[in-house]
Each structure stands twice: as structure tokens, then as C-alpha cells.
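Understanding the architecture of this molecule
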Amino acid sequence: MNEALWYTGRGAGLVTLVLLTVVVALGVASRAGRPLPGLPRFATPVLHRNASLLAVVLLGVHVGSLLFDPYAQLRLVDLMLPFAGAYRPLWLGLGTLAFDLVVALVITSLLRSRLGATAWRRIHWAAYAAWPLAVLHGLGTGTDAGTAWLRAVTAVCVLTVAMAGAYRLLLPDPATGPLGPPAPPGNRDPRLTPLTISGPPR
Amino acid sequence: MSRRGARLHIDWTACEGRGLCSEMLTEILAIDDWGYPLARDGRPEPAVPRELVAHARRAERLCPRLALRVLPEPPPTRPQGGSQLPPS
Ligand code: HEM
Ligand code: SF4
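A brief look at the structure comes next.

What counts, and at which threshold
Residues numbered from 1 in each chain as written. Chains lettered and ligands numbered in written order. Predicted model: local features only at pLDDT ≥ 70, side-chain atom pairs only at ≥ 80, totals over all residues. Heavy atoms only, no water. Donors = N, O, S within 2.8 Å, 3.2 Å for Na, K, Ca; no water. Tetrahedral: all angles 85-135°; square planar, octahedral: opposite > 155°, others 65-115°. Helix = DSSP H or I, 4+ residues; strand = E, 2+ residues; numbered from the N terminus. Buried < 20%, exposed > 50% of the residue type's maximum accessible area, 1.4 Å probe, protein only. Near = heavy atom within 4 Å. 1 Å grid on protein atoms, 1.4 Å probe; cavity = no way out; pocket = protein on both sides within 12 Å on 5 of 7 lines; lining within 4 Å. Sits in = over half its atoms within 2 Å of the grid points. Nonpolar A, V, L, I, M, F, W, Y, C, P; charged D, E, K, R; others polar. Points joined across faces, edges and corners; volume = space filled by probe spheres on them. Core = buried A, V, L, I, M, F, W, Y, C linked by side-chain atoms within 4.5 Å. Contact = heavy atoms within 4.5 Å. Phe/Tyr/Trp six-rings, centres within 6.5 Å; stacked < 30°, edge-to-face > 60°. Lys NZ or Arg CZ within 6 Å of the ring centre and 35° of its normal.

**Details of the coordination of the iron atom of ligand 1**
All names here are of chain A. With distances of 1.9 to 2.0 Å, the protein atoms coordinating the iron atom of ligand 1 are His48 (NE2) and His124 (NE2). Classification of the site at the iron atom of ligand 1 rests on its six donor atoms, whose angles at the metal span 85 to 179°, yielding the label octahedral. Placement of His48 in helix H2 (residues 43-67) and of His124 in helix H6 (residues 117-124) is noted, with a sequence separation of 76 residues between them. Classification of His124 as buried rests on a relative accessible area of 18%.

**Looking at the site of ligand 2**
All names here are of chain B. Neighbouring ligand 2 are 13 residues, the closest being Cys15, Arg18, Gly19, Cys21 and Cys63. When each cavity is represented as a set of grid points, ligand 2 is found to reside in the largest cavity. Across the shell around ligand 2, the residue classes tally to seven nonpolar, three polar and three charged.

**Some points on empty space enclosed by the protein**
All names here are of chain B. What the rule picks out here adds up to two cavities of 30 Å³ or more. Its boundaries defined by the atoms lining it, the largest cavity holds a volume of some 100 Å³. Along its surface, the largest cavity is lined by 14 residues, and Cys15, Arg18, Gly19, Cys21 and Cys63 are the ones closest to its centre. Tallied by class, the residues present in the lining of the largest cavity amount to nine nonpolar, two polar and three charged.

**Observations concerning the nonpolar core**
By size, the foremost hydrophobic cluster in this structure holds 34 residues, and its most contacted members are Leu20, Leu74 and Trp131 of chain A. The dominant element in this core, judged by the number of residues it contributes, is helix H1 (residues 2-30) of chain A, at eight residues. If sequence neighbours within four positions are ignored, Leu20 of chain A has contacts with Ala55, Val102, Trp131 and Ala134 of chain A. Formed by 22 residues, the second largest nonpolar core is a distinct cluster that contains Ala14, Leu29, Ala56 and Leu62 of chain B.

**Description of the packing of aromatic side chains**
Residue and element names in this part refer to chain A. Under the criterion given, the structure shown has two aromatic pairs over all chains. Consider the rings of Trp6 and Tyr7, whose centres lie 5.3 Å apart with planes at 50°: the pair is tilted. Under the relative-accessibility criterion, Tyr7 is labelled partly exposed at 48%. The ring of Trp6 has Arg10 lying over it, and the distance from NZ or CZ to the ring centre is 4.4 Å.

Given below as C-alpha cells:
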């Protein structure tokens, strides 16, 4: 039984890392303002959101199973309060911080329209802290830290996010890209001129 | 509200022309070469027919810039300038 908790916790942790990598890569790539090759435009935000919801579920399994694993010696506070743990407090604390941030990121994103775009965006930049923390946590603690395959998976994760960053930074922005800047309204198709400048709804 | 339909407000100061909305609401919006939405009915706030209100709300939630708002009342019956686009 204890073994089962331990295996579950390790497996769920690894899957969480992979899912968070997918989430961050999609978030970074979507800021390129261009659809991902082969996908419709709405697919990027839908995948980003759904992968993050799935990551939270797996994260719940990860911390939940290790909470009940007697060897991990976790208390309930260790899930929320970083660096208070008994066993490898530094590496565990990084994971706790990442957990808090991911939960906050998902909750604020689900309430995005109530928070307003600016406040939500500022909070969302915490993703750039959460993901590296999760990576370090995975490298530093746990049974599998130091194994070649865990290092390989981590390397692939880092490479994935780096590629998303390159996609965002190296390809031309569509607003100034091959099509050039938008035509002035007078040069548009006359049937397509109902553009009225308007701000937020009154 | 949804019995009478609704209207779609686009906040042009926030919109970055990501083109999601035109893709999801092809019945209501066309797309220009830069990804910005164009109202097919020529209105500044295009009408959202009753059966598309739930779908328009989905687009509202997904707009990466939160630039879309589904407003409760349908627009005035007469278009306010521009002309109709053929449905795609
Ligand atoms: C329900 C959950 C979430 C929703 C609805 C959501 C939504 C969004 C949206 C709308 C964007 C802007 C994309 C654009 O401008 O094209 C974004 C960006 C991003 N998201 Fe999320 N997100 C969620 C969870 C997460 C989580 C858990 C992480 C990471 C741990 C994350 C990481 C990112 C990153 C790195 C960006 C790019 C930010 C930037 O550079 O401006 N997101 N997300
Ligand atoms: S989805 Fe939002 S940002 Fe993208 S074109 Fe439509 S209104 Fe503009």
C-alpha cells in the first residue's frame, strides 16, 4: 500500500512536469500572435487552458499521495507553506512554491474576466517563476532525482520551452511581417469598413 | 436576454487581431488580412442571433486580450452605416 502511494506520487509528479511544460510552451508560443502550424487559432488557448486544468489534477494526485506516504513525512502545511518540511526542506519548498503559484495562476485565470486584463496579466507572469521552480524541484528531490532518464525528460522539457521562446522571438510579428502594417481604412475593401474606434463597453 | 439575441462589442484598444473570434463566429465576423474582426452585418456592434449567444460567450472567454463583450441587448434594427457582407 505504501509502495503504491510512493509510485503514484512519483509518476504523477513526472506527468505534472510534462503537462506544465506543455502549458508554458503553449502560453509562450501563443504570444507570438500567430497560429501554431497546423492548428486553428482558437486551439492554442483551449489547449493551454485544458492542459493546465489537467496539470492541476495531476498535481493534486502528486501531493495527495505523498501526503499519505509515511516515508515522505509530509504534513498538510508542507503542501502550502514552503521550506517548513522535515525532509530535504529546500527542494521540497521549491515544489511547494510552484504548487502555490500554479494554483493561483489557474484560479486567477478562471476568473480572468472579473479581474480585468491588466491585473490578470501581471499575475500570469508568475508562470515564469512557477515552471522553473517545478523543474528544480524535480531535479533536486525525490527517489528518481539523479537518474539519467529523469534528467533526459527534464532536458526535453527545457528544450520544449526554449523552442517556444524561439518561435515567439525569431519569427516576424504578423503586424509588421510579410504583409506589412495594416492598410489605412480608406484602402480596405469598401464592403469591409465598419471599423469604429471604440474602447471598453460603456 | 437570449430570447432576443445580443450584440457583440469589440474593444479595439485591446484587440490585437489574433483572429480567434472570426474563426469561432464566422456567421457574425469576417477577418481582415491582419487578423482583425469585421462585422458582416456592417454594424459597429454586430448582432448575435439567439442561437449563437452561448457560442459568442465561448469566444468572449477565449479572446486572449479580453477584447470581446457579449452585451445583453440586440443592436438597433437599422444598420448604422457600412453594408452587408455575404455570408461565408
Ligand atoms: C485555467 C488556466 C489558465 C488560463 C485560462 C490561461 C490563459 C492564458 C492566456 C489567455 C494567455 C495569453 C495568451 C496570449 O496573449 O495569446 C496566457 C499566457 C501564458 N500562460 Fe496561461 N492560463 C492558464 C494557466 C497557466 C498556467 C498554470 C501556467 C504555467 C504554470 C501558464 C503559463 C502561461 C505563460 C508562460 C503565458 C505567456 C505569458 C506572457 O509571456 O505574456 N498559464 N495564459
Ligand atoms: S479574439 Fe480578441 S484579440 Fe483576437 S481578433 Fe478577436 S477580439 Fe481581437
